[in-house]
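Below, each chain spelled out in residue letters.
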Amino acid sequence: MTAEENREDTTSVTTKLQDLDVQKPIHFIGVGGCGMSGIALSLRKMGYVISGSDMYESATLERLRAAGVTVNVGHNGGNIAPDTQLVVFSAAVKPDNPEYMAAAVRKIELIKYARMLGLLMASHRGIAIAGTHGKTTTTGMVALALRELGADPSFVIGGSVPQLGGGSGIGSSDYLVAEACEYDRSFLNLSPRYAIINNIEEDHLDYYSGLDEIVQAFHDFTNLLPGDGLLVYSASSPNIARFIAQAPCRTISCALDHEADYWADEIRYVNGQSLYRLHTRRQDGKAGAGERTCDVALNTFGRHNVINSLSAIALLAELGFDLEASARGVGLFRGANRRFEIIHNQGGITIVDDYAHHPTEILTVLRSSRTYFEGRRLIAVFQPHQHSRTRFLMKDFARSFQHADLVVVPDIYFVRDSEQERAMVHARDLVREIVRHGGNAIYIPSFREIEGFLENNMSEGDVLLTMGAGNVWEIGAHLAAKWKKG
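The structure displayed is predicted, hence computed values, not measured ones.

(A) Focus on the overall build of the chain. Along the backbone of the chain there are 17 helices and 21 strands. Relative to the globule expectation of 23 Å for 486 residues, the C-alpha radius of gyration of the chain, 23 Å, shows essentially globular dimensions. Considering the chain as a whole, with its 486 residues, one finds that 55% of them fall into the buried category. Expressed as a percentage of contacts within the chain between residues at least 6 apart in sequence, the contacts between residues at least 24 apart total 65%.

Put into structure tokens, the structure is as follows:
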């Protein structure tokens, strides 16, 4: 499906924000979500009347109410005011949701979150951060650095960033920085002027037929950029190389250990920081006569964060910000929640939580952990996310745990797979494959049993890593709370 076909597929009456009446409500189903609340707050700041609902009370709902948003807890068709002009729904909302059904019956226009984000982005200088891995971190780096550079942006990130006050925020400048998700081709709803693509790999194979279709989706995303736009990309990704020459705008390459428009070498890790030397022949967004260098010190760890930061700095420099100041701003970023987040470090035992749920991410986190926690035993609790992903990438998953001393696998986290798909693969299958590839792995079905196992089998010096896109973080949180008390 091309970008043009996708736009036709999601065509709605509203094609730009100016089509909307500022005096008639826009209703958000699932407004407590990170991205949904960010868009709702942005529109409220622009003067629109906003209402919304969510299943549970939260600090986010309180923040929305303080901004003048009418919020209800629980979903009910009566939550939608009679004069509502538009209903926005999150990806978690199904067609049988009572508010969705009420809007459909009343013929109120319904649009997806991604479409609304695209409308909002079209009214800003939009920066979209894409790639199979590293989107949340890179988006956080760009947003924080822009704030430090005095260009306070609005932002919508797929994770919470403590330094930014959460996963979304309203800035005073006309920049909007957003994470661009490739699942369901959602990112084809966006309207970016500037973009980053850090990598492209196989993922979301419950939606895409294979790598070729994924690459085509990213190619279509690239074609959304205007002729006077900018694309920063990793020169180390062979899948980006398949279409980068056809980009409709200016392109800037980044690489580690070999020359590109911006490249990094002398990479080293000291006391939890990642240090490197940045090189470029670019000057104020143009090709320069000589090479410039800049020392970069990151408060995030690992080679993957070096490439994330390099693309963030390159983007900022190409937008006209000072190179050294951009590097300092990016270097201040300390990470998003669930991205190599150390949640416990007492009694000689460390607990780290990470969102890693793809084989490449798991391998990267474990390899970095082996360096960061040199000489210590690494115990990984990995919760597979979706049966389809586990089945399609089984061999890659099995090979990704080579740096763990022990892998504990609970039942697979169920999201959107069919019952037929669920019957085709089990967590035990992954354990057998890990062992077959030389790893040490065991299957323990429930979190409660895993916590008991860890309490009886962990000792001073051990490092526990909880990994996955589901609720596996609860294991580390429960153990950290118990060990802190006792």
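Having seen it, we continue.
(B) The packing of helix 6 (residues 135–148) against helix 9 (residues 303–318), seen in detail. Axis separation between helix 6 and helix 9 bottoms out at 9 Å; the angle between their running directions is 40°. On the basis of their axis angle, the class for helix 6 and helix 9 is oblique. Crossing handedness for the pair helix 6 and helix 9: right-handed. Between helix 6 and helix 9, the contacting residues are T137, T138, M141, V142, A145 and L146 on the first element and N305, N308, S309, S311, A312, L315 and L316 on the second. Its residues assigned to classes, the contact of helix 6 with helix 9 comprises 7 nonpolar, 6 polar and no charged.

(C) Spotlight on the pairing of strand 17 (residues 349–354). Judged by how many residues are buried, strand 17 sits mostly within the fold: 6 of 6 residues are covered. Every second residue of strand 17 is oriented toward a common face, with I349, I351 and D353 on one face and T350, V352 and D354 on the other, all of them buried. Sheet topology places strand 16 (residues 341–346) next to strand 17; 5 bridges connect them, and they run antiparallel. Bridge pairing links H344 to I351 in strand 17. Between strand 16 and strand 17, which pair antiparallel in sequence order, lie 2 residues; one of them, G347, sits at a positive phi of approximately 60°. Where strand 17 meets strand 21 (residues 463–467), 5 bridges bridge the pair, whose relative direction is parallel.

(D) View of the nonpolar core. Within the largest apolar cluster, 79 residues are counted, with the highest numbers of intra-cluster contacts made by F28, L43, F221 and M467. Grouped together as the second largest cluster of nonpolar side chains are 45 residues, I129, A143, A327 and V330 included.

(E) Here's a closer look at the pattern of salt bridges. Enumeration according to the criterion identifies 27 salt bridges in this entry. Across the pair R389 and D203 runs a salt bridge whose closest N-O atoms are separated by 2.8 Å. Residue R389 is located in helix 12 (residues 387–392), and its partner D203 is located in the loop between strand 10 (194–197) and helix 7 (211–222); the two are separated by 186 residues in the primary sequence. The two residues R389 and D203 agree in class, both being buried. Of the charged contacts in the structure, one is a salt bridge between E318 and R282, with a shortest N-O distance of 2.8 Å. Within this pair, whereas E318 is found in helix 9, its partner R282 is found in strand 14 (residues 273–283), the two being separated by 36 residues in sequence. Take E318 and R282: they sit in the same class, and that class is buried. Through salt bridges with shared partners, a single ionic network connects E57, E62 and R65.

(F) Unusual backbone geometry, seen in detail. Even without a glycine there, the phi angle at D184 is positive, about 60°. At N271, a residue that is not glycine, the phi angle is positive and equals roughly 50°. One can find N271 in the loop between strand 13 (262–270) and strand 14.

(G) Fine view of the packing of helix 6 against helix 10 (residues 323–331). Across the interface, helix 6 lies against helix 10 with an axial gap of 8 Å and an inter-helix angle of 125°. Classified by the angle between their axes, helix 6 and helix 10 sit oblique to one another. Handedness of the crossing formed by helix 6 with helix 10: right-handed. Across the interface between the two elements, M141, L144, A145 and E148 of helix 6 pack against S326, G329 and V330 of helix 10. Partitioning the contact of helix 6 with helix 10 into residue classes produces 4 nonpolar, 2 polar and 1 charged.

(H) Examining the packing of aromatic side chains more closely. On inspection of all chains with the given rule, the structure shows 11 aromatic pairs. Note on Y269 and F301: the rings are 5.0 Å apart at their centroids and 45° apart in plane angle, and the pair reads as tilted. Of this pair, Y269 sits in strand 13 while F301 sits in the loop between strand 15 (286–298) and helix 9, and the two are 32 residues apart along the sequence. Aromatic pair F340 and Y372: ring centres 5.5 Å apart, planes at 70°, arrangement edge-to-face. Of this pair, F340 sits in the loop between helix 10 and strand 16 while Y372 sits in helix 11 (residues 359–372), and the two are 32 residues apart along the sequence. The rings of Y269, F301, F340, Y372 and F373 are connected pair by pair, giving a single aromatic cluster. We note R125 situated over the ring of Y175; from NZ or CZ to the ring centre the distance is 4.0 Å. Against the face of F392 rests R391, its NZ or CZ located 4.7 Å from the ring centre.

So, how was this worked out
Residues numbered from 1 in each chain as written. Predicted model: local features only at pLDDT ≥ 70, side-chain atom pairs only at ≥ 80, totals over all residues. Heavy atoms only, no water. Helix = DSSP H or I, 4+ residues; strand = E, 2+ residues; numbered from the N terminus. Rg over C-alpha atoms; globule rule 2.2 N^0.38 Å. Buried < 20%, exposed > 50% of the residue type's maximum accessible area, 1.4 Å probe, protein only. Contact = heavy atoms within 4.5 Å. Axes fitted to C-alpha atoms, helices over the stretch in contact; angles between N-to-C directions. Parallel < 35°, antiparallel > 145°, perpendicular 65-115°, else oblique. Left-handed = near helix turned anticlockwise from the far one by under 90°. Nonpolar A, V, L, I, M, F, W, Y, C, P; charged D, E, K, R; others polar. Pairing = 2+ DSSP bridges. Core = buried A, V, L, I, M, F, W, Y, C linked by side-chain atoms within 4.5 Å. Salt bridge = Lys/Arg side-chain N within 4 Å of Asp/Glu carboxyl O. Phe/Tyr/Trp six-rings, centres within 6.5 Å; stacked < 30°, edge-to-face > 60°. Lys NZ or Arg CZ within 6 Å of the ring centre and 35° of its normal.

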